[in-house]
Amino acid sequence: MNEQRYAMLSRPFRKHPTLFRILLLLNKLCTLAGYISYPLLIVILLYRGDHRGIPYVLIPGISFVLLSLFRDRVNKPRPYEILAINPLIKKDTLGHSFPSRHTFSIFLIATCWLGICPYVGFVLLVIAFLLACIRVIGGVHFPMDVFCGAVIGFVCGILPWIIS
């Protein structure tokens, strides 16, 4: 992505304040979907006495920590640090752009749900795709950041299926 491509992506949201507000609201709601749906999944598994509860807690937790350590090591700059752009989503963080942890998390959660309740998992995958797009349009991640976050999240989300 370069300045011109980002300008093209963000132009509709800059021209229409309502679209801009919707983008910011969706960013918060999609993130909130992960914060709500993952604990709900764990509660449902524990309530049922489902033996899959342990892998569905340990694998996402370990994956999140490992991804965070990897991000710290790589410490790739964010688009607004490299490009002459004014991001739509205000963020003060320097570095830690690759891979996108928001995208990783929501794809991991959606994939975990696919293994338990495919309907909920599918809805969450749609939300995950939307969040990935929002993070790029918002100027806080490069396309490769969200792509890799999605792939790693999906792969890590399948691991509890395999282990259970």
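Refer to the preceding data block for the structure.
Residues numbered from 1 in each chain as written. Predicted model: local features only at pLDDT ≥ 70, side-chain atom pairs only at ≥ 80, totals over all residues. Heavy atoms only, no water.

Asks: Hey, could you run me through helix 3 (residues 53–74) in this one?
Replies: Think of an α-helix as 3.6 residues a turn; residues three or four steps apart then line up on the same face. Its 22 residues place the ends of helix 3 32 Å apart at the C-alpha level, agreeing with the 32 Å of an ideal helix rising 1.5 Å per residue. All of the buried residues in helix 3 are Gly 53, Pro 55, Tyr 56, Ile 59, Pro 60, Ser 63, Leu 67, Ser 68 and Arg 71. Of the surrounding elements, those touching the buried residues of helix 3 are helix 2 (17–48), helix 5 (101–116) and helix 7 (143–163). Looking one or two residues past helix 3, Asn 75 carries a phi angle of roughly 50°, positive in sign. (Helix = DSSP H or I, 4+ residues; strand = E, 2+ residues; numbered from the N terminus. Expected span 1.5 Å × (residues − 1). Buried < 20%, exposed > 50% of the residue type's maximum accessible area, 1.4 Å probe, protein only. Contact = heavy atoms within 4.5 Å.)

Asks: Help me understand helix 2, please; the structure alone is not making it clear to me.
Replies: Look at helix 2: 46 Å from first C-alpha to last across 32 residues, which is about the 46 Å you get at 1.5 Å a residue. Where helix 2 is concerned, the buried positions are Leu 23, Asn 27, Cys 30, Thr 31, Ala 33, Gly 34, Ser 37, Tyr 38, Leu 41, Ile 42 and Leu 45. Where the residues of helix 2 are buried, they touch helix 1 (3–15), helix 3, helix 5 and helix 6 (118–137).

Asks: So what exactly am I meant to see when it comes to the packing of helix 2 against helix 3 here?
Replies: The relative placement of two packed helices is expressed as an angle between their axes plus a distance between the axes. For the pair helix 2 and helix 3, interaxial distance at closest approach is 9 Å and the crossing angle is 150°. When the axes of helix 2 and helix 3 are compared, the pair comes out roughly antiparallel. Our pair here, helix 2 against helix 3, has a crossing hand that is left-handed. In this structure, helix 2 contributes Tyr 38, Leu 41, Ile 42 and Leu 45 to the contact, and helix 3 contributes Gly 53, Tyr 56, Val 57 and Pro 60. Grouping the constituent residues of the contact of helix 2 with helix 3 by class yields 7 nonpolar, 1 polar and no charged. (Axes fitted to C-alpha atoms, helices over the stretch in contact; angles between N-to-C directions. Parallel < 35°, antiparallel > 145°, perpendicular 65-115°, else oblique. Left-handed = near helix turned anticlockwise from the far one by under 90°. Nonpolar A, V, L, I, M, F, W, Y, C, P; charged D, E, K, R; others polar.)

Asks: Quick question: what am I supposed to make of unusual backbone geometry here?
Replies: Generally, phi is negative for residues other than glycine and the peptide bonds are trans, each holding for most cases. For the bond from Phe 98 to Pro 99, the omega torsion is -15°, close enough to zero to count as cis. You can see Pro 99 is positioned in the loop between helix 4 (79–82) and helix 5. One non-glycine residue with positive phi stands out, namely Asn 75, at about 50°. Of note in this structure, His 96 is not a glycine but carries a positive phi near 55°. Structurally, the position occupied by His 96 is in the loop between helix 4 and helix 5. Given the relative accessible area of 21%, His 96 is considered partly exposed.

Asks: Quick question: what am I supposed to make of the pattern of salt bridges here?
Replies: Oppositely charged side chains can pair when the atoms bearing their charge come close. Scanning all chains against the criterion turns up 2 salt bridges. A salt bridge links Arg 52 to Asp 50, with the shortest nitrogen-to-oxygen separation between them at 2.6 Å. Residue Asp 145 pairs with Lys 76 through a salt bridge whose shortest N-O separation is 3.3 Å. Placement of Asp 145 in helix 7 and of Lys 76 in the loop between helix 3 and helix 4 is noted, with a sequence separation of 69 residues between them. Judged by relative accessible area, which is 26%, Lys 76 ranks as partly exposed. (Salt bridge = Lys/Arg side-chain N within 4 Å of Asp/Glu carboxyl O.)

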